[in-house]
Amino acid sequence: MLQIIILAAGKGTRMKSQKAKVLHTLCGKPMLEYIIEESLKLTKSVDVVLNFQFDKTSEIVKNYPVNIVKQNLEKFPGTGGALKEVKLKEEKILILNGDMPLITQEELKKLSEIDADIVMSVMKLKNPDGYGRVLIQDGDVIKIIEQKDASTEELKIKHVNAGVYLFKKEVLEKYLPKLSDNNAQKEYYLTDVIEMAVKDNLTIKAVEVDEESFKGVNSKKDLAVAEETMCKRIKNRWLEKGVIIRLPQTVYIDAYSAFEGECEIQPGSVITKSVIIDSEIKANSVIEESVIKNSAIGPMARIRPKSEIKDSKIGNFVEVKSTKLNGVKAGHLSYLGDSEIDEGTNIGAGSITCNYDGKNKYKTKIGKNVFVGSDTKLIAPITIEDDVMIAAGSVVNKNIPKGSLAISRSPLKIVKNFYYKFFGKEQ
Ligand code: UD1
Ligand code: CA
């Protein structure tokens, strides 16, 4: 069997963040989770090395059937130091950096099937900045020089180490204890194994790989580039499954959303942790943690978490939160929060559920075939039974029984010729 070791203990200083680097997300999902999931598709023997923000990182890793190893970062810092505490179990060991979220199972499989003492991944880049440079002479790898240790001449090398290696177990057993921290970063570099192995005439195969999948994420700029690639992959997957996405480059769909049946997503929309079934999401709408079925949403609507919208039409500038809508029309400028609204009900423009009194949130329940006139304020907790009409501009603070009209109006006063008196103008 193959053993995979994922290195994820580092601080990620270049990320300039309080959060551990591997917990930063692409399309809503932490980088580390992508790489763990791809690894588990290949083997059951996966070790993840953690240290920086151990509690937070291990909380996520614990959800997977992998072995967590804690690096002794103070004593043995660096990618080589990360391996000190890991039990080397299998004959072939694939080592991955935890900051490579775009790598796929297929690519890992290809590398792991090559026969050599060491297989390493190499990329030829126009801009090699940030990576370790690979010194190659007459087609043979000689050594890896870390950017911070490289001379001006060495920095010009375009071949870089992509950060995935396949080792025979005995190679690691022999060379890991020999690593030293005699370098610019005072770290134990895994990459130094290569030079020692070259000197001992071991077989080293360098496989050229593609940066699109092997990109290492060190900074927020790298994160943005990697997220674009991931987001494109996610959208391509849904396009292939039959979702219509208009101008996909303008649409954001996170890693946790799903589509069923015939769906259309218009430009500028953002969909996170939601399930969309047979629905149309019109331009510039935001859907978060909700289920939308057989409905049309937007343009410019915001559906916030825990909403369930079925057989409904939601128009522009409508905000919905923790609300169940079943066969409802809310065409314009409304806030529907902590509500349950039933079939055939129409919510007029500007109507609002007043669900919060500054301390607590309260529920609004509206039955079937209710006509809520424009600019109605529904002061929760409140129940509006079936077949009710509410006159425009009403403030409703009592439950309304079935079949009634509810109307609250301050009387309209008309002062004749006021305009002319006020401005002192002739009529
Ligand atoms: C590393 C390689 C570099 C290569 C690049 C590819 C080394 C010394 N350098 O550099 O040649 O071009 O990856 O992306 O390996 N980590 C630990 N413990 C540590 C330090 C790091 O687990 O003490 C983990 C990090 O969390 C990270 C991974 O190892 O996931 C790589 O570390 P990072 O600092 O990003 O290495 P690079 O400088 O990118
Ligand atoms: Ca890196």
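All values derive from a computational prediction rather than experimental measurement. (Residues numbered from 1 in each chain as written. Chains lettered and ligands numbered in written order. Predicted model: local features only at pLDDT ≥ 70, side-chain atom pairs only at ≥ 80, totals over all residues. Heavy atoms only, no water.)

**With respect to the pattern of salt bridges**
Let me state the cut-off plainly: Every case where a carboxyl oxygen of Asp or Glu lies within 4 Å of a side-chain nitrogen of Lys or Arg is listed as a salt bridge. Going along the chain from the N terminus, every DSSP run of H or I of four or more residues is numbered as a helix, and every run of E of two or more is numbered as a strand. For every residue, the accessible area (1.4 Å probe, protein chains only) is compared with the maximum for its type, and the residue is labelled buried under 20%, exposed over 50%, or partly exposed between those bounds.
One pass over the full model with this rule turns up 18 salt bridges. With a shortest N-O distance of 2.9 Å, Lys 29 and Glu 37 are connected by a salt bridge. The residue Glu 38 makes a salt bridge to Lys 41 at a minimum N-O spacing of 2.7 Å. Residue Glu 38 and its partner Lys 41 are both found in helix α1 (residues 31-42); the two are separated by three residues, about one turn of the helix. Owing to a relative accessible area of 15%, Glu 38 belongs among the buried residues under this scheme. Bridged by salt links that share partners, the residues Glu 211, Lys 215 and Asp 222 form one connected network.

**Re the sheet that holds strand β23 (residues 308-310)**
So the rule is basically this: The rule for pairing is simple: two strands pair if DSSP sees at least two bridges between them. For every element, the axis is a line fit to its C-alpha atoms; helices are fit only across the contacting stretch, and the angle between N-to-C directions ranges from 0 to 180 degrees.
Within the open sheet, the eight strands sit side by side as β14-β17-β20-β23-β26-β29-β32-β35. Their pairing is parallel. At either margin of the open sheet sits one strand with a lone partner, and together these are β14 (258-260) and β35 (382-384). Ignoring which end each strand starts from, the neighbouring axes of this sheet average 5 degrees apart. Bridge analysis of strand β26 (residues 324-326) against strand β29 (residues 339-341) gives two bridges, and the strand direction is parallel.

**A short note on the nonpolar core**
This is how it is decided: Take the buried residues of types Ala, Val, Leu, Ile, Met, Phe, Trp, Tyr and Cys, join any two whose side-chain atoms come within 4.5 Å, and each joined set is a nonpolar core. Residue ranges assigned to the domains are those given by an automatic or database domain assignment. In this description, contact between two residues means that some pair of their heavy atoms is separated by no more than 4.5 Å.
Formed by 50 residues in total, the largest nonpolar core has its most connected members in Phe 259, Ile 297, Ile 314 and Ile 384. Taken together, the elements giving at least two residues each to this core come down to α1, α8 (220-240) and β35. The element best represented in this core is α8, accounting for six residues. Structurally, this core is a two-domain feature, drawing no fewer than three residues from each of domain 1 (2-208) and domain 2 (220-406). In this structure, Ile 314 is in contact with Ala 296, Ile 297, Gly 298, Ala 301, Ile 303, Ile 309, Leu 325 and Ala 330, ignoring residues within four places of it in sequence. If you look at the next biggest cluster of nonpolar residues, it comprises 31 residues, including Val 22, Val 61, Leu 125 and Val 164.

**Considering the site of ligand 1**
Note the following rule: What makes a residue near a molecule or strand is one non-hydrogen atom of that residue sitting within 4 Å of it. N or O atoms within 3.5 Å of each other form a polar contact, as long as, within protein, one can give a hydrogen and the other can take it, and as long as residues adjacent in sequence are counted only when both atoms are side-chain atoms. The protein chains shown are the only cover counted for residues, whose accessible areas, like all others here, come from Shrake-Rupley with a 1.4 Å probe.
Around ligand 1 lies a shell of 24 residues, among which Gln 71, Gly 78, Thr 79, Glu 146 and Asn 161 are the nearest. Interatomic distance of 2.9 Å between a side-chain N/O atom of Arg 14 and an oxygen atom of ligand 1. One of the side-chain nitrogen or oxygen atoms of Gln 71 is found 2.7 Å away from a nitrogen atom of ligand 1. For ligand 1, whose free accessible area comes to 760 Å², the fraction covered by protein is 91%.

**Quick notes on the packing of aromatic side chains**
We apply this condition: Centres within 6.5 Å are what make two rings of Phe, Tyr or Trp a pair, Trp counting through its six-membered ring; a difference in plane orientation under 30 degrees is then read as stacked, over 60 as edge-to-face, and the rest as tilted.
Under the defined criterion, the tally for this structure stands at seven aromatic pairs. For the pair Tyr 165 and Phe 167, a centre-to-centre distance of 5.8 Å together with 25 degrees between the ring planes defines the contact as stacked. When its relative accessible area of 4% is taken as the criterion, Tyr 165 is described as buried. Of the residues examined, Phe 167 reaches a relative accessible area of 1% and is grouped as buried.

**Section: the domain arrangement of the protein chain**
What counts is decided by this rule: In this count, Pro and Cys sit with the nonpolar residues alongside Ala, Val, Leu, Ile, Met, Phe, Trp and Tyr, while Asp, Glu, Lys and Arg are called charged and the others, Gly among them, polar.
Each domain of the protein chain was delimited in the assignment, giving domain 1 (2-208) and domain 2 (220-406). Relative to domain 2, the C-alpha centre of domain 1 lies at a distance of 45 Å. At the junction of domain 1 with domain 2, the criterion picks out six residue pairs in polar contact (both at pLDDT 80 or more). Take the side of domain 1 that touches domain 2: its biggest share by element is three residues, from α1. Looking at the side of domain 1 that touches domain 2, its residues break down into eight nonpolar, five polar and three charged.

**Examining the side chain of Asp 338**
Here Asp 338 lies in the loop between β28 (335-337) and β29. Ignoring anything within four residues of it in the chain, the contact list for Asp 338 reads Lys 321, Ser 322, Thr 323, Asn 355, Lys 361, Tyr 362, Lys 363 and Thr 364.

**Side note on the side chain of Gln 71**
Turning to its location among the elements, Gln 71 is positioned in the loop between β5 (67-70) and β6 (92-97). Residue class for Gln 71 comes out buried when judged on its relative accessible area of 4%. There is a polar contact of 3.3 Å between the side chain of Gln 71 and the backbone oxygen of Gly 78. Beyond its immediate chain neighbours, meaning those up to four positions away, Gln 71 contacts Ala 9, Val 49, Leu 50, Asn 51, Phe 76, Pro 77, Gly 78, Gly 81, Ala 82 and Glu 85.

**So, the coordination of the calcium ion (ligand 2)**
Our working rule: Donor atoms (N, O, S) are those found within 2.8 Å of the metal centre, with the cutoff raised to 3.2 Å for Na, K and Ca; water is not part of the atom list, so apparent gaps in a site can occur.
Asp 99 (OD) and Asn 218 (OD1) make up the full set of protein donors to the calcium ion (ligand 2), lying at 2.2 to 2.4 Å. Here Asp 99, found in the loop between β6 and α3 (105-112), pairs with Asn 218, found in the loop between α7 (211-214) and α8; they are 119 residues apart in sequence, far enough to count as distant. There is no split in this pair, since Asp 99 and Asn 218 are both buried.

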